[in-house]
Amino acid sequence: MSRFHSAVYATPDRAAAIADPAGSARWRGDVLLRPGVLAFSGSIGATGRHAHHAVQVMISTSPVAVAGDHAEYSGTHMIIPADAPHRILLGAATGIAVFLDPDSIAGRAAAHRAHGAGWSGGPQLPLPDHDAPLAATVAELMTALAPGAADPGADRHPAVVAALECLPAAVAAGTINTTELAARVGISASRLTHLFTAQVGLPLRRYVLWLRLVIARNAVADGAGLTTAAHAAGFADSAHLTRTCREIFGLPPSALSRNLAWHNDSR
């Protein structure tokens, strides 16, 4: 039986605050960050006008109202395309907001839904089960968005597995060179980039960018300041990290690092 039956919720003793892009509202809930995905579950607040490169999927127990450049939308299922200026006018007490890289399989599928039926139209996505771990909720949402996509961990080429194993250390050590990485795992650069996109669901260059964000977030969680965390993840400085966070999520890095109930991703 699917885990998507009842509403998501934020446990009071684990609820935490996340600032919206304009700083005018507070969101409370739990967060998961992994390459290609930032997932939030809890209470969805209002925001100021902003845009981000990620495709944003929101599913809530009560209608959320969003104003775009040319129309206002309202519904319990909302998909906001990449780079679309918007403002959340009315949030919801319980819901899930997932930011997807537009180059990922799930991101492209979500963007296609929004383009074909409007931000609040199209096939309805099921509400997550409040008892399910956030990582499981995200995995099932990905399946709902792109049911034809292969299991991310199934039947990967040994070179892709080796690349995934060595990327965190390579990213922390400095600039990633695709040709050198391909040579290290024993195939050509073109073959690696093709296999990586097909079997991981995200282009290698985008995976590296998101991995840098994960490394930076983990460094902050371990007590590092933003500058130290930025350097640990291969960013030039904290300003570079801040620009990247705002570009992808419409959020400053402080919103991803402080006072949040973070979930580990066992994928």
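Shown above is the structure to which this text applies.
Residues numbered from 1 in each chain as written. Predicted model: local features only at pLDDT ≥ 70, side-chain atom pairs only at ≥ 80, totals over all residues. Heavy atoms only, no water.

(A) Spotlight on the environment of Phe 40. Considering the arrangement of structural elements, one finds Phe 40 in strand β3 (residues 37-44). The class of Phe 40 is buried, set by a relative accessible area of 3%. For the pair Phe 40 and Ala 97, spaced 57 residues apart in sequence, the C-alpha separation works out to 5.1 Å. (Helix = DSSP H or I, 4+ residues; strand = E, 2+ residues; numbered from the N terminus. Buried < 20%, exposed > 50% of the residue type's maximum accessible area, 1.4 Å probe, protein only.)

(B) Spotlight on the environment of Ala 97. With respect to the element layout, Ala 97 can be found in strand β7 (residues 92-100). Sequence separation between Ala 97 and Ala 39 is 58 residues, and the spatial gap between their C-alpha atoms is 6.0 Å. Leaving out residues up to four positions away in the same chain, Ala 97 has contacts with Trp 27, Leu 38, Ala 39, Phe 40, Gln 56, Val 57 and Met 58. (Contact = heavy atoms within 4.5 Å.)

(C) Representation of the packing of aromatic side chains within the structure. Applying the stated criterion across every chain, the model contains four aromatic pairs. Between the aromatic rings of Phe 99 and Phe 249, the centroid separation amounts to 6.0 Å while the plane-to-plane angle is 80°, which identifies the pairing as edge-to-face. Placement of the pair is Phe 99 in strand β7 and Phe 249 in helix α8 (residues 238-249), with a sequence separation of 150 residues. Note on accessibility: Phe 99 and Phe 249 belong to one class, buried. Their ring planes at 75° and their centres at 5.2 Å tell us that Phe 196 and Tyr 207 sit as a pair that is edge-to-face. Highlighted residues: Phe 196 in helix α5 (residues 189-200) and Tyr 207 in helix α6 (residues 204-221), separated in sequence by eleven residues. Tyr 207 matches Phe 196 in its accessibility class, with the two residues each being buried. The structure contains a cluster of three or more aromatic residues connected by ring pairs, namely Phe 99, Trp 210 and Phe 249. (Phe/Tyr/Trp six-rings, centres within 6.5 Å; stacked < 30°, edge-to-face > 60°.)

(D) Focus on α5. Over its twelve residues, α5 runs 16 Å from end to end, which matches the ideal 16 Å to within 8%, given 1.5 Å per residue. Residues of α5 that are buried: Leu 192, Leu 195, Phe 196 and Val 200. Buried positions in α5, seen along its axis, are confined to an arc of 105° and lie on one side of it. In α5, the exposed residues that point more than 90 degrees away from the buried face are Ser 190 and His 194. Structurally, α5 contributes buried residues whose contacts are with α3 (158-173), α4 (178-185) and α6. Phi turns positive one or two residues past the end of α5, at Gly 201, with a value near 90°. (Expected span 1.5 Å × (residues − 1). Arc of directions from axis to C-beta.)

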